[in-house]
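Descriptive analysis of the structure
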Amino acid sequence: MQTNFLSQQFNAGFLAENFTACPANATICDGTSCVLSEDNFNQTLSVVLSTVLTIMLALVMFSMGCNVEIKNFLGHIKRPWGIFVGFLCQFGIMPLTAFLLSLAFNILPIQAVVVLIMGCCPGGTASNIIAYWVDGDMDLSISMTTCSTLFAMGMMPLCLFIYTKMWTDSDAIVLPYDSIGLSLVALVIPVSFGVFVNHKWPAKAKIILKVGSIVGALLIVIIAVVGGILYKGSWVITPKLWIIGTIFPAAGYTLGFFLARVAGLSWHRCRTVSLETGMQNTQLCSTIVQLSFTPEQLELMFTFPLIYSIFQLLFALLILGGYRLYRRYHMKTKTDVEKTAEKEDSKPSAKMNGGFVSDEMK
């Protein structure tokens, strides 16, 4: 009977637009998306994997901290040109891009809100892992992720107030400050231990870093697979959100890179800012969405954070692959980082202000 009931919810026009129908055991289904109720297996799997992945992530961030030097990290904090550029990307470019995409595709108001929430979220920790593999500035990457998470407590409400007024009351959106605080703590504590180890035992820190970088790469893949398993019943959604979920991270990476280059940052810092801009904290977005909206509203937006996370990872891997190919065939003797370091050593002012020198653009 449930199958018959659901089949009555679909008319020919909907089938022509979406090319598929909701599963018979969907708990929410009105023609735009489907959500399946979690069974006991999924609930148990979610708890176990969340615990394991949290521990793994803490260990990975500890290893990333082993590549951070206190002197360089404090240099970015004291003269935060690179952090400032990242701030403009994170809370300037991304919310504005979300707003423009929502208008361009003329999506429903509730769907526009979830796109804007994603655009207002701080950077995710996965960016630190990818930044390491593309020879980015790890000191800048860690400081940007930390600062963006800290600034999010004030900037998220402000950006949502500015951009969501035409669609909904921003007071209806619940910001989980406890989750933001936990994300900050989960980042700062393991990284701090890693920085300490690097300061005291640099040789051991290099070994930890190599192991952690490999585990981190595997962790990103595992998280993507787990997301697909736990939310396998949520894939029927309006094509417009699929398109936005594809364009949005690509726009973040591209615009972040060009703004960083225009600001005069060196190439490895441009790569860092690009990754920090495009890779959002999708877990935080999912939490905000689930706290703020009813099940009937969730049906229209539930899957978007997962779609974004898949494509942000896909484009990050393409960037990584492209950079590795470039380094292999065009950088025979020295890496881009080594060349940049030599430039900055000969220009003390560039080292202190994040690389803002006019002839570096040549």
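Per an unreviewed UniProt entry, the recorded name for the chain is Ileal sodium/bile acid cotransporter, and the organism is Sinosuthora webbiana. As its UniProt record puts it under Sequence similarities (unreviewed entry), the chain is described as follows: "Belongs to the bile acid:sodium symporter (BASS) (TC 2.A.28) family." According to the UniProt record, the Subunit (unreviewed entry) comment for the chain is "Monomer and homodimer."

Along the backbone of the chain there are 17 helices and two strands. When burial is assessed residue by residue, the chain has 49% of its 362 residues classed as buried. Taking the intrachain contacts of the chain between residues at least 6 apart in sequence as the baseline, contacts between residues at least 24 apart amount to 81%. When the accessible area of the chain is evaluated, it comes to approximately 17400 Å², of which 68% is carbon and sulfur surface.

So, on to the side chain of threonine 272. Within the element layout of this structure, threonine 272 appears in helix α12 (residues 267-278). Excluding anything up to four places from it in sequence, threonine 272 contacts Gly136, Asp137, Leu140 and Ser141.

Let's shift gears to the environment of alanine 186. With respect to the helices, strands and loops of the structure, alanine 186 is situated in helix α9 (residues 177-200). In this structure alanine 186 comes out as partly exposed when scored by relative accessible area, which is 46%. It is 9.8 Å that separates the C-alpha atoms of alanine 186 and isoleucine 55, two residues lying 131 residues apart in sequence.

This part covers the UniProt feature "transmembrane region" (unreviewed entry) in the chain. Those residues carrying the UniProt feature "transmembrane region" (unreviewed entry) are residues 45-63, 83-105, 112-134, 140-163, 175-195, 207-229, 241-260 and 306-326 in this numbering. When the span residues 175-195 is considered, its composition is 90% helix and 0% strand, and the gap between its end C-alpha atoms is 31 Å. The distance from the first to the last C-alpha atom of residues 241-260 is 28 Å, and the span holds 100% helix and 0% strand.

This part takes up the pattern of salt bridges. Considering all chains together, one arrives at two salt bridges under this definition. A salt bridge links arginine 269 to aspartate 137, with the nearest nitrogen and oxygen atoms 2.9 Å apart. With arginine 269 in helix α12 and aspartate 137 in the loop between α7 (126-133) and α8 (138-163), this residue pair connects regions lying 132 residues apart in the sequence. You can call aspartate 137 buried: its relative accessible area is 7%.

Let us now look at the nonpolar core. The tendency in soluble globular proteins is for nonpolar side chains to be buried as a group. Val115, Ile117, Met156, Ile173, Phe248 and Phe304 are the most contacted members of the largest nonpolar core, which totals 36 residues. Among the secondary structure elements, those contributing two or more residues to this core are α5 (81-105), α6 (109-120), α8, α11 (239-262), α13 (282-292) and α15 (304-330). Counting residues per element, this core draws most heavily on α6, at nine residues. Dropping the residues within four chain positions of it, phenylalanine 248 is found in contact with Met94, Thr97, Ala98, Leu101, Val115, Met118, Gly119, Phe304 and Tyr308. Within the second largest apolar cluster, 22 residues are counted, among which are Ile130, Leu187, Met279 and Ala316.

On to the state of the cysteines, then. By definition, a disulfide is the covalent link that joins the sulfur atoms of two cysteine residues. According to the stated counting rule, one finds zero disulfides in the structure shown. There is no disulfide at cysteine 159, and the cysteine sulfur nearest it, in cysteine 120, is 4.6 Å away. Classification of cysteine 159 as buried rests on a relative accessible area of 4%. Here cysteine 285 stays unpaired: no disulfide links it, and the sulfur of cysteine 121, its closest cysteine neighbor, is 4.8 Å away. The exposure class assigned to cysteine 285 is buried, which follows from its relative accessible area of 0%.

What counts as what
- Residues numbered from 1 in each chain as written.
- Predicted model: local features only at pLDDT ≥ 70, side-chain atom pairs only at ≥ 80, totals over all residues.
- Heavy atoms only, no water.
- UniProt positions renumbered as here; feature names shortened; annotations may be inferred.
- Helix = DSSP H or I, 4+ residues; strand = E, 2+ residues; numbered from the N terminus.
- Buried < 20%, exposed > 50% of the residue type's maximum accessible area, 1.4 Å probe, protein only.
- Contact = heavy atoms within 4.5 Å.
- Areas by Shrake-Rupley, 256 points an atom, 1.4 Å probe, with all protein chains shown as cover.
- Salt bridge = Lys/Arg side-chain N within 4 Å of Asp/Glu carboxyl O.
- Core = buried A, V, L, I, M, F, W, Y, C linked by side-chain atoms within 4.5 Å.
- Disulfide = S-S within 2.5 Å.

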